[in-house]
Amino acid sequence: MWLVPLILISLHSPDSAQHRTQSTELTVERMLSGEFSDEPVTDMGSWRADGTHVLVERDSKSAPGGVDLVILDPAKGDSKIAVKGSELIPKGSRDQIRFEQYQLSEDGKHLLILTNSQKVWRRNTRGDYWALSVGDGKLMKLGGDTEPSSLMFAKLSPDGTKAAYICKSNLYVQDLESGTITPLTADGSNTLINGTSDWVYEEELDIRDGWYWSPDGKSIAYWQIDSSAEPTYTLINDTDSLYPKLKQFPYPKTGQTNPTVRIGIVPAAGGPTTWLKDTANTENGYIARMGWTPDSKSVFIEHLNRLQNQNRYLIASASTGEARQVFMDTDTTWVDVQDTGGEGVRWVEEGRAFLVLSEKDGWRHLYSIPSKGGPPVLLTPGSFDVDEISGLDPQLGMVYFTASSTDSTQRYLFSTSLRGNDKPAQITPRTLIGTNHYDISPDGKLAYHTVSSASEPPVTELIRLPEHSSIRRLGDNARLKAKFADLRLGTSKFIQLNAADGSKMDAKLTFPPGFDPNKKYPVLFNVYGEPAGLIVEDAWEGGHLFDEIIAQHGYIVVAVDNRGTPALKGRAWRKCVYRKIGVIASEDQAAAVKQIDKLPYVDASRIAIWGWSGGGTMTLNMLFRYPDLYALGMSVAPVPDMHLYDTIYQERYMGLPQDNERDYERGSPITYANKLKGQLLIVHGSGDDNVHYQGTERLVNELVADDKPFQLMVYPNRTHAISEGPGTSRHLYELLLRFLTTNMPP
């Protein structure tokens, strides 16, 4: 509590003045309280297969304090109860099962519920699953007598009569009528994983749910990951017991041994597994995606090589395992795995083709690939990048996608023909400036449309496509907008700055309240700078209020997306950083500082920078490589030495260290630590399984050897999010604010 006076600009004694300050000033406590969260959107749910209805939750009359599941026609407003809350109260209990996730079969007869979930690395993916036979009230906990919260990724079969799930690295099917459990695999262990993922596949290829029902429900395809040859990393927990506890898990650092991966096909009724002939390991890369073809006869996979500059699209027979290549995406740098559908690709023309995103002509474009082989068909010609696929209209033979029209910080909906003979047309009205997101119905006729900008919170409406006509507004965040109007905030504006090579970088400036252009202000750069994300977007940032807090304390906050970030500016912009991670981005950020320094209201002697994760690494790079530009830096959870990060992410952009050791040295901040001049704060969680505290310890050793003063804050056992434990997030943000205001006062 003693930090509160440092957050508020001033605390006045009169009650009225203090009330005014509390209501108009942002504090870290208010930022983290949820006070400024988006309002719930009414009548917005998950689309049903018919494209007309959605599944939503409503307060239950049959189970006070619980919820009913309701099938709603959002266009007409008609609804009917699909599952009563009273059906979801187990025998011997007074309380309804608490929903975390649920799946209702298309015929509405079976419901699957996840509850009591626990975190596995990033997300809550292990828990208890219950199945309800709707109407007759039969409620069954899956897994028999397995220990609590031990099942993962349960899914109903296509006909809704069975559920399959993972338990302790093995795959099971349970009949929902008889309760009979059939094991499909029996060899699972801590290092032989069936149907889910090891650490590196989960973190970098986003593979968690590693199995799929065939469309006909007769078979299951699953990943099997053998991590026994991977090097093991150890985290040390010093605080939870009298003696330290060790947590060990496979983690391949750059150049080290990757897991061995293969895809198996097993009958849902049980029986031997058929293995696809194509496998992945340290020598030949990764199986990045897998899924069924619509006819249930084959399995589709994407196989990346170890350098990740080739992505082979293969279709393999489910009965023999024999695979054939139908397309290969290549690049002289790296190829991104870019999904167009739920299992990697989106099938069109009744399975005769599938959609992929490729940068092979210099822009990220959408192509249709014949499933029997043949030349790709370009669907989105032009000098622009596709951001993502939003949906299909099979009847009109049309695909919807988002892209930027003229401003790369914004997103709009476009359509084009699946035949590849039309020029893409913008669907979003040009008056809806900012970022437009669409959740399109399976038939492509209706969509939930949400638009926001940096200055306007999200507004959601139900629309009809392709005319983009509004049916009705569902949520406008009016309360949130009024709450922000009461705050004492400065203004923001987007500008463009020149990169080191003269190309244009997007930047955003946030000014203090009462900004006076005749005065001089200190500047804090908020940086990320890596290929994994953007920070300069014309979208609502109500969940990222720390910039506004800093500005209220009298600083100009600047964010710049350098070359190499995933802006919609073409392949060359994104991939010029190959084997130069940390080098080109630093040159661009330095160029940005030199331009900001020249603004008449900027105090060039008081420039600071901060960032988290990749932004923490960039902060170190800037302080060490360009020490004369900055007075201060705050680095949270950085990677000081690229050798210490995982294979899939770091090798994608840098190659293998065995092949180009010099590039790894040039790109790592630790190489230049002896040049530090300004104030430096380093923050890390000792339990970070992602960016290991090991790197910060190595940096500490280097700074000590170079006799460089710095400050270090370690949060025991916290992960990369540094959010676990009471008060952690508040303590961290107040630490950053205090370090800035103490060492570079406004």
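Structure: see above.
These numbers come from a predicted model, not from an experiment. Residue numbers restart at each chain and count upward from 1, following the sequence in its written direction. Per-residue local features of the predicted model are confined to residues with pLDDT of at least 70, and side-chain atom pairs are confined, for both listing and counting, to 80 or more; whole-chain, interface and lining totals are unaffected and use all residues. The side-chain numbers reported here are obtained from all heavy atoms of the structure, hydrogens and water having been left aside.

### Structural notes on the pattern of salt bridges
No. 1: By convention in these notes, a salt bridge is any Lys or Arg side-chain nitrogen within 4 Å of a carboxyl oxygen on Asp or Glu. For the structure shown, the criterion picks out 39 salt bridges.
No. 2: Across the pair aspartate 689 and arginine 122 runs a salt bridge whose closest N-O atoms are separated by 3.1 Å. Highlighted residues: aspartate 689 in the loop between strand 42 (679–685) and helix 12 (693–705) and arginine 122 in the loop between strand 6 (110–120) and strand 7 (123–133), separated in sequence by 567 residues.
No. 3: Here aspartate 689 falls in the buried class, since its relative accessible area comes to 3%.
No. 4: Each of Asp331, Glu359, Asp385, Arg571, Arg574 and Lys575 takes part in one network of salt bridges that share partners. What counts as a helix is a DSSP run of H or I of at least four residues, what counts as a strand is a run of E of at least two, and both are numbered from the N terminus. Burial classes follow relative accessibility: with a 1.4 Å probe on protein chains only, a residue under 20% of its type's maximum area counts as buried, one over 50% as exposed, and anything between as partly exposed.

### Digging into the sheet that holds strand 35 (residues 469–475)
Hydrogen bonds between backbone groups are what pair the strands of a sheet, and the pairing can be parallel or antiparallel.
No. 1: A pair of strands is considered paired only if DSSP assigns at least 2 bridges between the two. A sheet is described by the order of its strands in space; here 4 strands give the open sequence 32-33-34-35, paired in antiparallel fashion. Bordering the open sheet on either side are strand 32 (435–440) and strand 35, each of which pairs with just one other strand. Ignoring which end each strand starts from, the neighbouring axes of this sheet average 25° apart.
No. 2: Direction of pairing for strand 33 (residues 446–452) relative to strand 34 (residues 459–464): antiparallel, over a ladder of 6 bridges. When the sheet's bridge partners are listed, tyrosine 448 is paired in strand 34 with leucine 462. The axes are straight lines fitted to the C-alpha atoms, using for helices just the contacting stretch, and the angles between their N-to-C directions are given from 0 to 180°.

### A short note on the pairing of strand 26 (residues 365–370)
No. 1: Among the 6 residues that make up strand 26, 5 are buried, leaving the element largely enclosed by the rest of the structure.
No. 2: With 6 bridges joining them, strand 25 (residues 353–358) and strand 26 adopt antiparallel strand pairing. Bridging across to strand 26, leucine 357 finds its partner in leucine 366.
No. 3: The antiparallel hairpin formed by strand 25 and strand 26 contains 6 residues in its connecting segment, where glycine 362 sits at a positive phi of about 100°.
No. 4: In terms of strand pairing, strand 26 meets strand 27 (residues 377–378) through 2 bridges, oriented antiparallel. Note that in strand 27 the partner of serine 368 across the bridge is valine 377.
No. 5: In this structure, the hairpin formed by strand 26 and strand 27 is closed by a connection of 6 residues, where glycine 373 is found at a positive phi of approximately 100°.

### Considerations on the pairing of strand 11 (residues 170–175)
No. 1: As defined by bridge partners, strand 10 (residues 162–167) adjoins strand 11 across 6 bridges and the pair is classed as antiparallel. Pairing of lysine 162 across the sheet is with aspartate 175, part of strand 11.
No. 2: Counting the residues in the hairpin turn of strand 10 and strand 11 gives 2 residues, including lysine 168, whose phi is positive at 50°.
No. 3: In this sheet, strand 12 (residues 181–183) lies alongside strand 11 in antiparallel orientation, the contact comprising 3 bridges. The residue of strand 12 that forms the bridge with glutamine 174 is isoleucine 181.
No. 4: Taking the residues that link successive antiparallel strands as the turn, the strand 11-strand 12 hairpin has 5 residues, and the phi of glycine 179 there is positive, at about 80°.

### Some thoughts on a negative patch on the surface
No. 1: Exposure above 30% relative accessible area and the lack of any salt bridge qualify a residue for a patch; like charges then connect within 9 Å, and the nonpolar side chains Val, Leu, Ile, Met, Phe, Trp and Tyr within 5 Å. All accessible-area figures derive from a Shrake-Rupley calculation using a 1.4 Å probe, and residue coverage is judged against the displayed protein chains alone. None of His or the chain ends enter the tally, which takes Lys and Arg as positive and Asp and Glu as negative. To locate a charge, the coordinates of NZ of Lys, CZ of Arg, CG of Asp or CD of Glu are taken. A cluster of acidic residues, Asp50, Glu106, Asp107 and Asp159, forms a negative patch at the surface.
No. 2: Here aspartate 159 is to be found in the loop between strand 9 (151–156) and strand 10.
No. 3: Owing to a relative accessible area of 46%, aspartate 159 belongs among the partly exposed residues under this scheme.

### Brief notes about the sheet that holds strand 4 (residues 79–83)
No. 1: Strand order across the open sheet formed by 4 strands is 1-2-3-4, with antiparallel pairing between neighbours. Among the strands making up the open sheet, the edge pair consists of strand 1 (46–47) and strand 4.
No. 2: The sheet contact formed by strand 2 (residues 54–59) and strand 3 (residues 67–72) spans 6 bridges and is antiparallel. Its bridge partner lying in strand 3, leucine 55 is registered against isoleucine 71.

### Topic: unusual backbone geometry
Trans peptide bonds make up the majority, and among non-glycine residues the majority have a negative phi.
No. 1: Following leucine 465, the chain continues into proline 466 via a peptide bond in cis, with omega recorded as 5°.
No. 2: Turning to its location among the elements, proline 466 is positioned in the loop between strand 34 and strand 35.
No. 3: Its identity is not glycine, yet aspartate 707 carries a phi of approximately 60°, on the positive side.
No. 4: Its place among the elements puts aspartate 707 in the loop between helix 12 and strand 43 (711–715).
No. 5: On the basis of relative accessibility, which here comes to 68%, the residue aspartate 707 falls in the exposed class.

### Brief notes about the packing of helix 8 (residues 584–597) against helix 9 (residues 614–625)
No. 1: Relative to each other, helix 8 and helix 9 sit at 70°, their axes nearing to 10 Å. The angle between helix 8 and helix 9 falls in the class roughly perpendicular. Helix-helix and strand crossings are classified by hand; for helix 8 and helix 9 the assignment is right-handed. Here helix 8 contributes Ala585, Ser586, Gln589 and Ala590 to the contact with helix 9, which in turn contributes Met618, Asn621, Met622 and Arg625.
No. 2: The nonpolar class holds Ala, Val, Leu, Ile, Met, Phe, Trp, Tyr, Cys and Pro. Asp, Glu, Lys and Arg form the charged class, and all remaining residues, Gly among them, are polar. Across the contact of helix 8 with helix 9, the residue classes break down as 4 nonpolar, 3 polar and 1 charged. Here roughly perpendicular refers to angles of 65 to 115 degrees, roughly parallel to angles under 35, roughly antiparallel to angles over 145, and oblique to all remaining angles. What makes a crossing left-handed is the near helix being turned counterclockwise from the far one by less than a right angle; a clockwise turn instead makes it right-handed. For this analysis, residues touch if any pair of their heavy atoms sits within 4.5 Å.

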